[in-house]
Amino acid sequence: MLQIEIDNGSGFCFGVTTAIQKAEEELAKGNQLYCLGDIVHNGMECERLREMGLITINHDEMRQLHNVKVLLRAHGEPPETYELARQNNIEIIDATCPVVLQLQKRIKRQYEASLSSDPLPLTSQIVIFGKEGHAEVLGLVGQTADHAIVIEHFDDVKQLDFSRDIYLYSQTTKSLDEFHRIIEYIQDHISPDATFKSFDTICRSVANRMPNISQFATKHDLILFVCGRKSSNGKVLFNECLRVNPNAHLIEGPEEINPQWLEGIKTVGICGATSTPKWLMEQCRDALLKM
């Protein structure tokens, strides 16, 4: 008899849960609601909300809208988005994650402090460890009028100017281990005449999932990691599963399960990212039981 366990620690984080609740509440009132970008990096959850009436738009489409309601998802937005909403009389339903919001404010304060003592061009460097082009990172860079430097991988740190001050922040869902490697490298290479400060801005509700999901993945013969392929956080967590259990597969839904994976398997663990709904992991479990 095949044993199947769904990881209790997987599923929506607080920020995603709040954004979806706000969307559902507004749609339940019968109001038209737009969402700037996918509300969550999960195609099936986006489709569920689309069927409820949620209309996903991009920034160009938002510029054409007037006198409507637009939801800002957990990732956050740069100041320009709020200014556009003001100009077009758009009511913002702000579902920016509190952790992201706090980080935006910290980076903005740093930028303003740098400007006050160091008019443009800045001699100090505000550096964000994050995925280039990611919605959260665009919102963070926007707090600095696009002057922040984004480094996506450890090797990118070598491009910094170590003779100038460095203020290092991180996207909330990046790897804690890699962030610490970057800190150590900068500490080893920074000029004695330059200032280096790092700010650990990685969300603990995400970071704490690493050891938990690692332990979960070692318990089972087969791991099905359920998540949208756009999910930055999902990639980090899946790679951790794969590191401890080579028999791990990333799937977006039950239709991607290959029955051949079950040959000789006694236990299956199902887990996912902070953007993975519980109902989707349960669908995958049900599909396994039918097989």
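### A look at the overall build of the protein chain
Next up, step 1: Looking only at helices and strands, the protein chain has 11 helices and 12 strands in total.
Next up, step 2: Taken against the 2.2 N^0.38 rule, which gives 19 Å for 291 residues, the C-alpha radius of gyration of the protein chain at 21 Å falls within 12% of a compact globule.
Next up, step 3: The C-alpha extent of the protein chain, read off along each of the three principal axes, is 70 × 50 × 25 Å.
Next up, step 4: For the protein chain, with 291 residues in total, the buried portion stands at 52%.
Next up, step 5: Considering only intrachain contacts with a sequence separation of at least 6, the fraction spanning at least 24 residues in the protein chain is 71%.

### Here we look at the layout of surface pockets
Vacant regions in the atomic arrangement are exposed by a probe of water-molecule size rolled over the atoms.
Next up, step 1: Space inside the largest pocket adds up to approximately 340 Å³.
Next up, step 2: In terms of lining residues, the largest pocket is bounded by 25 residues, among which Cys13, Val16, His75, Thr173 and Thr274 are the most central.
Next up, step 3: For the lining of the largest pocket, the elements supplying multiple residues, two or more each, are α1 (14–28), α5 (98–117), α8 (204–207) and α10 (232–244).
Next up, step 4: If one sorts the elements of the lining of the largest pocket by residue count, α1 sits on top with 3 residues.
Next up, step 5: Per-class residue counts for the lining of the largest pocket are 11 nonpolar, 13 polar and 1 charged.
Next up, step 6: The volume enclosed by the second largest pocket comes to roughly 230 Å³.
Next up, step 7: The element contributing the most residues to the lining of the second largest pocket is helix α6 (residues 135–142), with 5 residues.

### A closer look at the packing of aromatic side chains
Next up, step 1: Summed over the entire model, instances satisfying the criterion amount to 5 aromatic pairs.
Next up, step 2: Taken together, a centroid distance of 5.8 Å and an interplanar angle of 90 degrees make the contact between Phe154 and Tyr185 edge-to-face. Of this pair, Phe154 sits in the loop between β7 (149–151) and β8 (166–170) while Tyr185 sits in helix α7 (residues 176–189), and the two are 31 residues apart along the sequence. Side by side, Phe154 and Tyr185 carry an identical accessibility label, which is buried.
Next up, step 3: Plain terms: the ring middles of Tyr169 and Phe199 are 4.6 Å apart, the flat faces sit at 15 degrees to each other, and that makes the pair stacked. With Tyr169 in strand β8 and Phe199 in the loop between β9 (196–198) and α8, the pair connects residues that are 30 residues apart, well separated along the chain.
Next up, step 4: Tyr169 gets classed as buried once you look at its relative accessible area, which sits at 2%.
Next up, step 5: We classify Phe199 as buried; its relative accessible area is 17%.
Next up, step 6: Taken together, the ring pairs connect Phe154, Phe162 and Tyr185 into an aromatic cluster.

### Let's talk about the packing of helix α9 (residues 209–218) against α10
Next up, step 1: Packing of α9 against α10 leaves a shortest axis separation of 9 Å and a crossing angle of 40 degrees. When the axis of α9 is compared with that of α10, the two are oblique. Crossing hand, α9 versus α10: right-handed. Contacts from Arg209, Met210, Ile213, Ser214, Ala217 and Thr218 of α9 reach α10 at Val236, Leu237, Glu240, Cys241, Arg243 and Val244.
Next up, step 2: Across the contact of α9 with α10, the residue classes break down as 7 nonpolar, 2 polar and 3 charged.

Rules used in this analysis
- Residues numbered from 1 in each chain as written.
- Predicted model: local features only at pLDDT ≥ 70, side-chain atom pairs only at ≥ 80, totals over all residues.
- Heavy atoms only, no water.
- Helix = DSSP H or I, 4+ residues; strand = E, 2+ residues; numbered from the N terminus.
- Rg over C-alpha atoms; globule rule 2.2 N^0.38 Å.
- Buried < 20%, exposed > 50% of the residue type's maximum accessible area, 1.4 Å probe, protein only.
- Contact = heavy atoms within 4.5 Å.
- 1 Å grid on protein atoms, 1.4 Å probe; cavity = no way out; pocket = protein on both sides within 12 Å on 5 of 7 lines; lining within 4 Å.
- Points joined across faces, edges and corners; volume = space filled by probe spheres on them.
- Nonpolar A, V, L, I, M, F, W, Y, C, P; charged D, E, K, R; others polar.
- Phe/Tyr/Trp six-rings, centres within 6.5 Å; stacked < 30°, edge-to-face > 60°.
- Axes fitted to C-alpha atoms, helices over the stretch in contact; angles between N-to-C directions.
- Parallel < 35°, antiparallel > 145°, perpendicular 65-115°, else oblique.
- Left-handed = near helix turned anticlockwise from the far one by under 90°.

Keep in mind these values describe shape, not function.
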